[in-house]
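# Topology and contacts: notes
Chain by chain, the residues:
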Amino acid sequence: VSRVTVLIPNFNGEKFLPQLFDCLVAQTLTDFKCVFLDDGSTDDSIKIARSYQEYLSDLEVLELSNVGIARNWNRGVEQVTTEFFTLLHCDDAYEPEYLAEMIKLMDHFPGAAIGHCGAVTIIEKGQSVYSSIEAFKQGRYLPAPAFCRSIRDEYQALLSGDYINCPSVIYRASMTQDVGYFNADLTQTLDWEYWFRVLLQGLSICGTSGRLYRYRRHENNLSNQNAK
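All values reported here derive from a predicted model rather than from experimental measurement.

## Describing the overall build of the chain
The secondary structure content of the chain amounts to 9 helices and 9 strands. Expressed as a percentage of the 228 residues in the chain, the buried residues total 53%. The contacts of the chain with a sequence gap of at least 6 include a subset with a gap of at least 24, amounting to 77%. A total of about 10,500 Å² of accessible surface is found on the chain, and carbon and sulfur atoms cover 51% of it.

What follows is the structure in structure tokens.
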């Protein structure tokens, strides 16, 4: 039985989708659900996603109207029937052991609502590069392979900056009953605001310093667009 659903919110992501789906085919954990949530794309995203249904037996492709990032994330969360879910951004990728290791992390900390990991920053063509932002985030990780601060200490760590890599996060689906959905009024920092809500519900956050996620920086990603 699948324990995790990979949600893929997408808007005109055709350029990077083959690399994204290839990383899912390469997962060491093979039993997982996958839901592709297309937010009204005008490119060939749907066609590319459907071409991978041959390789990913539990891949559902949803052709939806454009509602924006937070609402698209939320309608993905509504689809989840498994114990855990992730939100894989359409221009990023997982390392092969990501799903297996993140479920192991959540099993190690059964009281944690979410878990997160380190990331390797890549550029458009996939080469890894040094990132001062990633260095800032890594500086807030504890050196242990798996860690879970007290709620108070985690709150203090997050007040100094959003050090959690949003697309690296695995969510315990049951916690959404208490924490709710993402704030659709926000276009930036909706993840940061969500982590604080997790803590304010008395739920903990766990992490691993292992770099199991590949975060792509490119001209058109949301962080760059919003920064402008």
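Next comes the rest of the account.
## Side note on the packing of aromatic side chains
A complete count under the given rule lists 15 aromatic pairs for this structure. Between Phe21 and Phe36, the ring centres sit 5.8 Å apart and the planes meet at 40 degrees, which makes this aromatic pair tilted. On the criterion of sequence distance, the pair formed by Phe21 in helix H1 (residues 17–25) and Phe36 in strand E2 (residues 33–39) is long-range, its members being 15 residues apart. When sorted by exposure, Phe21 lands in the same class as Phe36, which is buried. Taken together, the ring pairs connect Trp73, Phe85, Tyr171, Phe182, Tyr194 and Trp195 into an aromatic cluster.

## Focus: the state of the cysteines
Across all of its chains, the model carries 0 disulfides by this definition. This cysteine, Cys23, is not joined by any disulfide, and Cys34 carries the nearest cysteine sulfur, 9.1 Å off.

## As for the packing of helix H6 (residues 151–159) against helix H8 (residues 190–200)
One can describe the packing of H6 onto H8 by two numbers: an axis separation of 10 Å at closest approach and a directional angle of 160 degrees. Here H6 lies roughly antiparallel to H8, going by the angle between them. For H6 against H8, the interelement crossing comes out left-handed. Here Ile151, Glu154, Tyr155, Leu158 and Leu159 of H6 lie close against H8, whose contacting residues are Trp192, Trp195, Phe196, Leu199 and Leu200. Grouping the constituent residues of the contact of H6 with H8 by class yields 9 nonpolar, no polar and 1 charged.

Criteria and cut-off values
Residues numbered from 1 in each chain as written. Predicted model: local features only at pLDDT ≥ 70, side-chain atom pairs only at ≥ 80, totals over all residues. Heavy atoms only, no water. Helix = DSSP H or I, 4+ residues; strand = E, 2+ residues; numbered from the N terminus. Buried < 20%, exposed > 50% of the residue type's maximum accessible area, 1.4 Å probe, protein only. Contact = heavy atoms within 4.5 Å. Areas by Shrake-Rupley, 256 points an atom, 1.4 Å probe, with all protein chains shown as cover. Phe/Tyr/Trp six-rings, centres within 6.5 Å; stacked < 30°, edge-to-face > 60°. Disulfide = S-S within 2.5 Å. Axes fitted to C-alpha atoms, helices over the stretch in contact; angles between N-to-C directions. Parallel < 35°, antiparallel > 145°, perpendicular 65-115°, else oblique. Left-handed = near helix turned anticlockwise from the far one by under 90°. Nonpolar A, V, L, I, M, F, W, Y, C, P; charged D, E, K, R; others polar.

Geometric descriptors of this kind do not, in isolation, establish any biological role.
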